[in-house]
Amino acid sequence: MNHDLEISGYCDERFTDVRRIFAESLVQSAEGGASFSACWQGNLVVNLWGGTRDRSQTLPWQQDTLVNVFSATKGITALCAHRLIEQGVLDLESPVGQYWPAFSSKGKRDISVRMILNHRSGLSAFREEIPAEAIYDWGAMVSALEREEPWWVPGTKQGYQAFTFGWLIGELIRRVSGKSVGQYFRDEIAEPLGLDFHIGLNSDQLGRVADVARLGSSSKSQKESESQPARPDLIADKARPDSIAIKAFMNPPTLATGTNSSAWRQSEIPSANGHGTAQSLASIYGGLANGGTINGVRLLREETIRNCYTESSSGIDAVLLVPMRFSLGFMLSNPQAKQMKLGQGGITFGHTGAGGSVGFADPKVGLGFGYVTNRLGGRAWVDPRAEALVAAVYKSV
């Protein structure tokens with residue numbers, strides 16, 4: 001264990017304890033790297049990074065190191081949808097088929113945009129076996145969704161759309177805006193705000209991406225390390241191989257085999273392959289926590305932000321088999337689930353990512369939180385490393 005890890009970046013003196021907690025989390029991990037940022041009342045008060053970004057643990061984590069945040073990408077995709085809803089080009093209560101006619105077959109005629117955003121569409125997984133390489137082919141995944149039948153009557157159950165959320169919302173975004181999710185986010189949000197977050201990387205960005213692997217996997221072969229992040233521990237002991245839970249996470253199987261590949265990093269998989277910095281996540285959620293504006297650039301109006309933290313669905317999730325709460329596209333804290341607590345406020349909203357990454361907003365205290373890591377823990381939802389940082393930040397404010 002390296003007790004001499006160098007921690008770089010900025011920390012307001014009010015948040016000194018946060019720096020200590022961040023350093024301790026890296027020492028306890030003993031390998032890999034991470035970055036953490038917090039925006040409070042419109043100001044960046046913490047922006048720290050440390051550790052290493054490659055499998056051999058020789059390349060230091062830099063301020064501009066990018067890392068896959070997995071399902072924390074869903075919050076960014078949802079933000080894009082909310083902008084289009086706010087602009088009146090996408091309607092929550094309209095059937096998806098109004099925008100995407102071929103979608104309406106196979107019992108999907110009554111699925112609304114709302115049901116996609118709050119995970120009640122019944123399209124949480126594919127029954128047919130999807131080839132691993134199809135995940136990089138947008139048309140192939142859209143066609144597979146057109147052929148799929150809901151697993152239950154749409155609207156009657158909540159079931160986490162682990163992969164399908166990104167293609168469902170992404171195709172709606174493409175049809176009403178004329179742009180892919182990655183292009184829309186880049187043009188409308190990232191570039192105007194100077195954010196270093198991407199859904200689909202350019203080749204010139206690949207050199208600063210951190211490799212991801214499970215904690216304790218550094219001595220494994222490259223192939224084993226690449227397969228480590230994706231095994232869905234939250235469902236592994238609860239589901240049969242042919243269940244909706246396993247199919248939701250492992251069909252197509254690419255999440256278990258390809259997350260360190262260039263193909264994965266350069267594709268647009270808007271539920272799972274966003275790459276960015278903690279500062280970008282904290283900035284986005286910090287803006288949403290402070291009236292929807294960052295440096296004079298508006299993300300969303302305040303009335304739209306209410307849909308981001310107002311509960312739209314809750315209950316025992318048909319895929320995850322645990323109590324979950326969702327607004328429209330965002331996870332909400334759930335007092336019934338010990339590991340599902342975003343911040344310490346009553347109206348916090350955001351999204352976690354497999355292995356530890358998380359971003360959330362707390363409008364009550366004006367806080368935006370972003371934590372990303374390439375050494376992935378085994379706990380589902382909020383990682384203990386992030387939990388410790390959450391406690392330290394709230395103590396400081």
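Let us look at the structure shown here. The structure presented is a predicted model; accordingly, all values stated were derived computationally and were not measured. (Residues numbered from 1 in each chain as written. Predicted model: local features only at pLDDT ≥ 70, side-chain atom pairs only at ≥ 80, totals over all residues. Heavy atoms only, no water.)

Moving on: the overall build of the protein chain. Tallying secondary structure elements over the protein chain gives 13 helices and 16 strands in all. In the protein chain, which comprises 397 residues, the proportion classed as buried is 60%. Considering only contacts in the protein chain between residues 6 or more positions apart, those separated by 24 or more positions represent 68%. About 14800 Å² of surface is accessible on the protein chain, with carbon and sulfur atoms providing 46% of the total. (Helix = DSSP H or I, 4+ residues; strand = E, 2+ residues; numbered from the N terminus. Buried < 20%, exposed > 50% of the residue type's maximum accessible area, 1.4 Å probe, protein only. Contact = heavy atoms within 4.5 Å. Areas by Shrake-Rupley, 256 points an atom, 1.4 Å probe, with all protein chains shown as cover.)

Across the interface, helix H2 (residues 73-86) lies against helix H6 (residues 181-193) with an axial gap of 10 Å and an inter-helix angle of 70°. By the angle between their directions, the pair H2 and H6 is classed as roughly perpendicular. Of the two possible hands of crossing, H2 and H6 adopt the one that is left-handed. Of the residues in H6, those touching H2 at Ile76, Thr77, Leu79, Cys80, Arg83 and Leu84 are Val181, Tyr184, Phe185, Glu188 and Ile189. Partitioning the contact of H2 with H6 into residue classes produces eight nonpolar, one polar and two charged. (Axes fitted to C-alpha atoms, helices over the stretch in contact; angles between N-to-C directions. Parallel < 35°, antiparallel > 145°, perpendicular 65-115°, else oblique. Left-handed = near helix turned anticlockwise from the far one by under 90°. Nonpolar A, V, L, I, M, F, W, Y, C, P; charged D, E, K, R; others polar.)

On to helix H13 (residues 384-396), then. A rise of 1.5 Å per residue sets the reference length of H13, with its 13 residues, at 18 Å; its end C-alpha atoms lie 18 Å apart and thus fit the reference within 8%. Within the sequence span of H13, burial applies to Arg385, Ala386, Leu389, Val390, Ala392, Val393, Tyr394 and Ser396. (Expected span 1.5 Å × (residues − 1).)

This part covers the pattern of salt bridges. Applying the stated criterion across every chain, the model contains 19 salt bridges. Among the ionic pairs, Arg186 bridges to Asp187, the shortest N-O distance being 3.9 Å. Assessed through its relative accessible area of 32%, Arg186 is described here as partly exposed. The exposure class of Asp187 is partly exposed, given its relative accessible area of 27%. (Salt bridge = Lys/Arg side-chain N within 4 Å of Asp/Glu carboxyl O.)

Attention shifts here to the sheet that holds strand E4 (residues 67-68). Spatially, E4-E7-E5 is the arrangement adopted by the three strands of the open sheet, whose pairing is antiparallel. Each of the sheet's edge strands pairs with one partner strand only, and the pair in question is E4 and strand E5 (197-199). Of the strand pairs in this sheet, E5 and strand E7 (residues 274-276) are connected by three bridges, and their pairing is antiparallel. Within E7, the residue paired with Ile199 across the bridge is Gly274. (Pairing = 2+ DSSP bridges.)

This part takes up the nonpolar core. Formed by 72 residues in total, the largest nonpolar core has its most connected members in Leu117, Trp167, Phe185, Ile189, Leu288 and Phe349. For this core, the secondary structure elements donating two or more residues are H2, helix H3 (113-117), helix H4 (138-147), helix H5 (164-177), H6, E5, helix H11 (278-288) and helix H12 (302-309). For Phe349, the residues in contact, after removing those within four places along its chain, are Tyr285, Leu288, Ile305, Cys308, Tyr309, Phe330, Met331, Leu332, Leu342, Phe360, Ala361 and Pro363. Ala125, Met324, Tyr371 and Val390 belong to the second-largest nonpolar core, a separate cluster that totals 41 residues. (Core = buried A, V, L, I, M, F, W, Y, C linked by side-chain atoms within 4.5 Å.)

This paragraph deals with unusual backbone geometry. Peptide bonds are trans in most cases, and residues, glycine excluded, mostly fall at negative phi. Across the junction of Asn251 and Pro252, the peptide omega takes the value 5°, indicating a cis bond. Along the polypeptide, Pro252 turns up in the loop between helix H9 (244-250) and helix H10 (262-266). Here Gln57, not a glycine, exhibits a phi torsion of approximately 60°, which is positive. Along the polypeptide, Gln57 turns up in the loop between strand E3 (43-51) and E4. For Gln57, a relative accessible area of 27% translates into the label partly exposed. The phi dihedral of Phe70 is positive, around 50°, even though this residue is not glycine. Along the chain, Phe70 falls in the loop between E4 and H2.

Inspection of every chain in the model, using the stated rule, returns 13 aromatic pairs. Measuring from centroid to centroid gives 6.3 Å for Phe126 and Trp167, while their planes differ by 50°, and the two rings are tilted. One end of the pair, Phe126, is in the loop between H3 and H4; the other, Trp167, is in helix H5, and 41 residues separate them in sequence. Accessibility classification places Phe126 together with Trp167 in one group, the buried group. Centroid distance Tyr160 to Phe326: 6.1 Å. Interplanar angle 10°. Geometry classified as stacked. Taken together, the positions of Tyr160 in the loop between H4 and H5 and Phe326 in strand E11 (residues 323-326) put the pair 166 residues apart, joining distant regions of the chain. For the residue pair Tyr160 and Phe326, the accessibility class agrees, reading buried in each case. Among the aromatic residues, those joined into a ring-pair cluster are Tyr285, Tyr309, Phe330 and Phe349. We note Lys108 situated over the ring of Phe103; from NZ or CZ to the ring centre the distance is 5.4 Å. The aromatic ring of Trp151 is capped on one face by Arg127, whose charged end is 4.3 Å from the ring centroid. (Phe/Tyr/Trp six-rings, centres within 6.5 Å; stacked < 30°, edge-to-face > 60°. Lys NZ or Arg CZ within 6 Å of the ring centre and 35° of its normal.)

With that out of the way, let us pick up the packing of H2 against H5. Taken N-terminus to C-terminus, the directions of H2 and H5 make an angle of 30°; their axes are 10 Å apart at the nearest point. Accordingly, the angle class assigned to the pair H2 and H5 is roughly parallel. With respect to the hand of their crossing, H2 and H5 are arranged in left-handed fashion. Across from Lys74, Thr77, Cys80, Ala81 and Leu84 in H2, the residues of H5 making contact are Phe165, Ile169, Ile173, Val176 and Ser177. Considered class by class, the residues forming the contact of H2 with H5 number seven nonpolar, two polar and one charged.

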